[in-house]
Amino acid sequence: MPLERVKLLLVDDQPANLLALASTLESPELELVLAHSGQDALRWLLKEEFAVVLLDVQMPGLDGFETASLIRARERTGHVPIIFVTAVNTTDTHVTRGYRLGAVDYIFKPLVSEILKAKVSAFVDMFRKNRELKASEERYRAVFSAVGEAILAVSDETERILDANEAAVNLFGYDRRTLVGLHLDRLESESGGGPAVQGFDRYLRRKDGFLFPAEITEAAANLDTGPARIVVIRDVTERIQAAEAEQLREKDKMQREFVANVSHELRTPIAAIKGFSETLRRGALNDDRNRLRFVRTIEAHADRLSALVEDLLTLAALESGRDVPHPTVVEFEPFARELILSMAPLSGRRRVSVELDLCAARLYVDAKHLSQVLQNLVDNAIKYNKPGGKVNVSASLDRDYLKVTVKDTGIGIPKEDLPKIFTRFHRSSKAKELSIRGTGLGLNIVKHIIEANGGKVWVESGSNEGSTFHFTIPLAKGKIPVAAK
Ligand code: ADP
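Residues numbered from 1 in each chain as written. Predicted model: local features only at pLDDT ≥ 70, side-chain atom pairs only at ≥ 80, totals over all residues. Heavy atoms only, no water.

1. A closer look at unusual backbone geometry
Geometrically, the link from K109 to P110 is a cis peptide bond, its omega value of -5° lying close to zero. With respect to the secondary-structure elements, P110 resides in the loop between β5 (105–109) and α5 (113–146). Despite not being glycine, R399 shows a phi value in the positive range, around 50°. For R399, the position within the fold is in the loop between β14 (390–398) and β15 (401–408). (Helix = DSSP H or I, 4+ residues; strand = E, 2+ residues; numbered from the N terminus.)

What follows is the structure in structure tokens.
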């Protein structure tokens, strides 16, 4: 692509001199404009943009210096480089006067064409570079102001805003002149801190004090004024509101499901109790063969009811902070063995065998809590097992903790249910499919309890391979056994 032609203004009252200059400088890249007087030159300068003006000093009427001072005096032309063309025998004061007028250079007559060309081409290059720079700056400006995203340039040194685009002005509500120069502090919310809800970086403050959640992207930039950063700000109020609404809907849905679930769970034993009581009242009381069986069934259903209510109360107490751990030193091995063996009737009914690989350990834990956890996990391992299946409870020391593992050969937990398995009321699709009774509260209670006692609980499962639950409990290092107090 040929270079765009650059204009040069040659000013001399002598046509012969002008022609000599023009023929020396002639080139396809340059457009030479000839002016025969200072007045003429000024007229041209108003109309066109020149890379440089070659100005003869000795002219009748307006001489070179007078013309130069008029050029400098005008805003539009004040910065145009001027090369004075003058005789060699000029005195120094002459030259100084020219420099004071802002001449950039001198060329002495008689002209040496190489020097003339070299000087002119330096100015032409400079002009071209400036023009490119201006074009790219204009492009940058255009992008900066046109994008919908709010953008600030912020000085790393002073933390003040160096520049702001239209979108930033609109977002923060300051007028441009106030926003530029403002300390970044003024846009931060005083509470600062981390995000209150996930999904955005922090709250920012508008001029009217209103806070909005913002997503912020920063990039380092080296500006003329020093190191700075370009900060792109996105107001994510709508997105956060949508997420919160979704969360509320989700919670609401869970509550409704919970109520439905609990009602369903309550209805079965209530119906059974009511049905068998009625049967007894209507004559079965005298049925020697069956009455005891009916009473036992009523009792079993009442137990189920009470277990459910117990779970709900336990959860309510844990969540409200009424049930805090009262840790003591517990000898794990005998404690766990006795507890798990007491569950033999359940495992026997389900034809599930329970193995123990325990180790001796002194724990610092709330004993009632520990039994709730073991009971829950082993109960699940039996309940979600297959006839003839196995449950293995093992324990090993792991630094300052005892790690307990409850492993079963049961129905397993589908991958998609794993992340939610400890959340309240969550029951796996598989458990529902197989109509295994439950409220989905047990594991949530387990998690609450373990964490309150300083441990962790997690699960591994591959469908068809059974499930493995692990939990940790702190060892009673240096803790004095209650009995020895
Ligand atoms: P519940 O057993 O009353 O439903 P839990 O909170 O104890 O409630 O368990 C939540 C869900 O996790 C269960 O409904 C079941 O889907 C799944 N689950 C828990 N333990 C096991 C296990 N050992 N094997 C397979 N699934 C399990």
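2. Regarding the domain arrangement of the chain
Splitting the chain by domain gives domain 1 (6–133), domain 2 (136–235), domain 3 (241–323) and domain 4 (325–485). Placing a centre on the C-alpha atoms of domain 2 and another on those of domain 4 gives a separation of 52 Å. (Domains from an automatic or database assignment.)

3. Looking at the sheet that holds strand β17 (residues 467–474)
Here we have five strands laid out as an open sheet, ordered β12-β14-β15-β17-β16, and mixed in their pairing. The open sheet is flanked by β12 (353–357) and β16 (457–461), the only strands paired with a single partner. On average, adjacent strands in this sheet sit at an angle of 15° to one another, irrespective of strand direction. Bridging between β12 and β14 involves five bridges; their strand directions are parallel. Across the sheet, residue E355 finds its bridge partner in β14, namely N392. (Pairing = 2+ DSSP bridges. Axes fitted to C-alpha atoms, helices over the stretch in contact; angles between N-to-C directions.)

4. Quick look at the sheet that holds strand β2 (residues 30–35)
Across the sheet, five strands lie side by side as β2-β1-β3-β4-β5; this open sheet has parallel pairing. Both edges of this open sheet fall to β2 and β5, since each of them pairs with a single strand only. On average, adjacent strands in this sheet sit at an angle of 20° to one another, irrespective of strand direction. Here strand β4 (residues 82–87) runs beside β5; their pairing, made up of five bridges, is parallel. Bridging across to β5, A87 finds its partner in K109. Packing of helix α3 (residues 64–73) onto the sheet brings it into contact with β3 (52–56), β4 and β5, and relative to β4 it is tilted by some 175°. Sitting on the sheet, α5 touches β1 (6–11), β2, β3, β4 and β5, and the angle it makes with β1 is about 135°. (Contact = heavy atoms within 4.5 Å.)

5. Digging into the site of the ligand
Every one of the 21 residues lining the ligand counts as a neighbour, but N380, Y384, R427, S428 and L443 are closest to it. Here N380 contributes a side-chain N or O atom positioned 2.7 Å from an oxygen atom of the ligand. One nitrogen or oxygen atom from the side chain of R427 is found 2.7 Å from an oxygen atom belonging to the ligand. Starting from 520 Å² of accessible surface for the ligand in isolation, the protein chains cover 98%. (Near = heavy atom within 4 Å. Polar contact = N/O pair within 3.5 Å; in protein donor to acceptor, adjacent residues only side chain to side chain. Areas by Shrake-Rupley, 256 points an atom, 1.4 Å probe, with all protein chains shown as cover.)

6. Details of helix α1 (residues 15–25)
The set of residues buried in α1 consists of L18, L21, A22, T24 and L25. Down the axis, α1 shows its buried residues gathered within 165° of arc, on one side only. Turned more than 90 degrees away from the buried face of α1 sit A16, L19 and S23, all of them exposed. Buried residues belonging to α1 abut β1, β2, β3 and α5. (Buried < 20%, exposed > 50% of the residue type's maximum accessible area, 1.4 Å probe, protein only. Arc of directions from axis to C-beta.)

7. What to know about the side chain of T468
As for its placement among the helices and strands, T468 is situated in strand β17. Apart from residues lying up to four places away in sequence, T468 is in contact with T405, V406, K407, W458, V459 and E460.

8. Re the side chain of T314
With respect to the helices, strands and loops of the structure, T314 is situated in helix α9 (residues 291–320). Using a relative accessible area of 12% as the deciding quantity, one classes T314 as buried. For T314, the residues in contact, after removing those within four places along its chain, are Q372 and I445.

9. Considering the nonpolar core
F332, L363 and F471 are the most contacted members of the largest nonpolar core, which totals 47 residues. With seven residues, helix α12 (residues 367–383) is the single largest residue contributor to this core. Structurally, this core is a two-domain feature, drawing no fewer than three residues from each of domain 3 (241–323) and domain 4 (325–485). Of all hydrophobic cores here, the second largest spans 21 residues; its members include A167, V169, Y174 and L179. (Core = buried A, V, L, I, M, F, W, Y, C linked by side-chain atoms within 4.5 Å.)

10. A closer look at the packing of helix α8 (residues 237–281) against α9
In contact at an axis separation of 9 Å, α8 and α9 are set at 160° when each is read in the N-to-C sense. Between α8 and α9, the crossing angle belongs to the class labelled roughly antiparallel. The crossing of α8 and α9 is left-handed. Where α8 abuts α9, its residues F258, V262, E265, L266, P269, I270, A272, I273, F276, S277, T279 and L280 lie against R291, F294, V295, T297, I298, H301, A302, R304, L305, L308 and L312. (Parallel < 35°, antiparallel > 145°, perpendicular 65-115°, else oblique. Left-handed = near helix turned anticlockwise from the far one by under 90°.)

11. Section: α8
In this model, α8 (45 residues) spans 64 Å end to end at C-alpha, consistent with the 66 Å of a helix rising 1.5 Å per residue. All of the buried residues along α8 are I240, F258, V262, E265, P269, A272, I273 and L280. Looking at the residues trailing α8, positive phi occurs at G283, about 135°. (Expected span 1.5 Å × (residues − 1).)

12. A few points about the packing of aromatic side chains
Inspection of every chain in the model, using the stated rule, returns six aromatic pairs. An angle of 65° between the planes, with centres 5.1 Å apart, marks the rings of F65 and F84 as edge-to-face. One end of the pair, F65, is in helix α3; the other, F84, is in strand β4, and 19 residues separate them in sequence. In this pair, the class of F65 matches that of F84, namely buried. Ring geometry for F84 against Y106: centres 5.6 Å apart, planes inclined by 35°, an arrangement best described as tilted. Within this pair, whereas F84 is found in strand β4, its partner Y106 is found in strand β5, the two being separated by 22 residues in sequence. Chaining the aromatic ring pairs together yields one cluster made of F65, F84, Y106 and F108. Seen from the ring of W44, K47 lies directly overhead, with NZ or CZ sitting 4.4 Å from the centre. (Phe/Tyr/Trp six-rings, centres within 6.5 Å; stacked < 30°, edge-to-face > 60°. Lys NZ or Arg CZ within 6 Å of the ring centre and 35° of its normal.)

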